Amino acid sequence: MGWPEGYGRRVMAEVDSTNAEAARIVGGLGGPEWICALNQTAARGRRGRVWIAPAGNFAATLVMRPRETAAVVALRSFVAALALYDALAALTGAEAALALKWPNDVLLNGGKVAGILLEGLPNGGLAVGIGVNLIAAPPAEQVEAGAVRPVSLLEETGVRVSPEQMLDALAAAWAMREDSFVTYGFAAMREAWLTRAARLGEVITARTARDSVTGTFETVDAQGQLVLNTAQGRVTIAAADVFF
Ligand SMILES: O=C(O)CCCC[C@@H]1SC[C@@H]2NC(=O)N[C@@H]21
């Protein structure tokens, strides 16, 4: 699979954060562009957290200017999760060990191997930031209490993948998933995501900034929201951290 047509490709030795670089270049963007960094000095994770990643791990951001409404643009987190799943399955052959955790983590043998950070940018831009623990995962004590343990691709599968190989596989997988999303909408994406979902039908806890909801993970709805069956009835959650 070659580099997908219409996408720019840039590999930087070092940057503060590829998402920050995306914000700096979005104004002059001609078309979607992948920015990959071999080292980040100020990588950020979801909910204001720091993303810990030694050199050798994968860090990249796809910067683009989608023309849809904000609600549709936000569904790109599912496009990203599925593309990551496809790329990691192709690179390792370990598809059976991969799963997707709502809203947008990729699990390998039940541990977190990759995270996604979507950020809206000026000029209608979108940064899809992706980090993959290719060779090393942060120690469990450096992540939030109760969070799934971080794992690396190398430790779990024995397969050594370089950031450039990851970029090429991910860009190809993204282009296919993005075409499908633009052509058929979220319905097909949602089905594909659900068949790869971790803990579907099991009891999970979703923690928002204000409260915590525990219930059976019933589905993800047509807007990408988490649907839990709780003792108080059906609850739909737009944004939260999920704990197993
Ligand atoms: O918290 C998460 O799970 C999301 C982590 C996203 C990390 C990636 S690494 C590339 C891009 N640049 C950043 O500063 N963050 C994202």
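Treat the numbers as computed from the prediction; the structure is a model and nothing was measured.

A. Focus on the site of the ligand. In the vicinity of the ligand lie 20 residues, with S17, Q40, R44, R46 and K112 positioned nearest. S17 has a polar side-chain atom sitting 2.7 Å from an oxygen atom of the ligand. At 2.5 Å from an oxygen atom of the ligand is found a side-chain nitrogen or oxygen belonging to K112. Contact with the protein chains removes 98% of the 410 Å² of surface that the ligand exposes when unbound. Listing elements by their share of the shell around the ligand, those giving two or more residues are α1 (18–25), β3 (58–64), β6 (111–121) and β7 (125–132). Of the residues forming the shell around the ligand, the biggest block, 4 residues, is contributed by β6. A per-class count over the shell around the ligand returns 7 nonpolar, 9 polar and 4 charged.

B. Representation of the side chain of Q40. Along the chain, the position of Q40 falls in the loop between β2 (33–37) and β3. For Q40, the side chain forms a polar contact with the main-chain nitrogen of T18, separated by 2.9 Å. In contact with Q40, not counting residues within four places along its chain, are V15, D16, S17, T18 and A59.

C. How the structure looks around the sheet that holds strand β5 (residues 105–108). Judged by pairing direction, the sheet is mixed, and its 7 strands sit side by side in the order β1-β2-β3-β7-β6-β5-β4 without closing on themselves. Across the chains shown, the open sheet's two edge strands, defined by having one partner strand only, are β1 (8–12) and β4 (98–101). Across the sheet, the mean angle from the axis of one strand to that of its neighbour is 20°, orientation sign disregarded. Relative to β3, β2 runs antiparallel, the two being bridged by 4 bridges. Residue pairing in the sheet places I35 in a bridge with T61 of β3. Across the face of the sheet, helix α3 (residues 76–92) comes into contact with β3, β4, β5, β6 and β7 while running at roughly 145° to β6.

D. Quick look at the UniProt feature "domain: BPL/LPL catalytic" (unreviewed entry) in the protein. According to UniProt, the "domain: BPL/LPL catalytic" (unreviewed entry) feature falls on residues 6–182. The straight-line gap between the two end C-alpha atoms of residues 6–182 is 15 Å; of that span, 31% is helix and 25% is strand.

E. Quick look at the pairing of strand β11 (residues 233–237). In the sheet, strand β10 (residues 226–230) pairs with β11 via 5 bridges, with the strands oriented antiparallel. Bridge pairing in β11 links T230 to G233.

F. Structural detail: the environment of V26. One can find V26 in the loop between α1 and β2. A residue is classified by how much of its surface remains accessible, and V26, at 2% relative accessible area, is buried. Sequence separation between V26 and V143 is 117 residues, and the spatial gap between their C-alpha atoms is 31 Å. Setting aside anything within four residues of it in sequence, one finds V26 in contact with V63, R65, L121, P122, N123 and G125.

G. Focus on the packing of aromatic side chains. Under the criterion given, the structure shown has 3 aromatic pairs. Look at F78 and F186: their rings are 5.2 Å apart centre to centre, the planes differ by 65°, and that puts the pair in the edge-to-face class. With a gap of 108 residues between them, F78 in helix α3 and F186 in helix α6 (residues 186–195) connect regions that are remote in the sequence. A network of ring pairs unites the aromatic residues F78, F186 and W193 as a single cluster.

H. Fine view of α3. For α3, which comprises 17 residues, the first-to-last C-alpha distance of 24 Å matches the rise-based estimate of 24 Å (1.5 Å per residue) to within 8%. α3 sits mainly inside the fold: 14 of its 17 residues count as buried.

I. Examining the packing of α3 against α6 more closely. Contact geometry of α3 with α6 gives a least axis separation of 10 Å together with a crossing angle of 45°. By the criterion of interaxial angle, the relationship of α3 to α6 is oblique. The interaxial crossing formed by α3 with α6 has left-handed handedness. Every residue of α6 that contacts α3 at F78, V79, A81 and L82 is listed here: F186, M189, A192 and W193. Class assignment for the residues of the contact of α3 with α6 results in 8 nonpolar, no polar and no charged.

The rules behind each value
Residues numbered from 1 in each chain as written. Predicted model: local features only at pLDDT ≥ 70, side-chain atom pairs only at ≥ 80, totals over all residues. Heavy atoms only, no water. Near = heavy atom within 4 Å. Polar contact = N/O pair within 3.5 Å; in protein donor to acceptor, adjacent residues only side chain to side chain. Areas by Shrake-Rupley, 256 points an atom, 1.4 Å probe, with all protein chains shown as cover. Helix = DSSP H or I, 4+ residues; strand = E, 2+ residues; numbered from the N terminus. Nonpolar A, V, L, I, M, F, W, Y, C, P; charged D, E, K, R; others polar. Contact = heavy atoms within 4.5 Å. Pairing = 2+ DSSP bridges. Axes fitted to C-alpha atoms, helices over the stretch in contact; angles between N-to-C directions. UniProt positions renumbered as here; feature names shortened; annotations may be inferred. Buried < 20%, exposed > 50% of the residue type's maximum accessible area, 1.4 Å probe, protein only. Phe/Tyr/Trp six-rings, centres within 6.5 Å; stacked < 30°, edge-to-face > 60°. Expected span 1.5 Å × (residues − 1). Parallel < 35°, antiparallel > 145°, perpendicular 65-115°, else oblique. Left-handed = near helix turned anticlockwise from the far one by under 90°.

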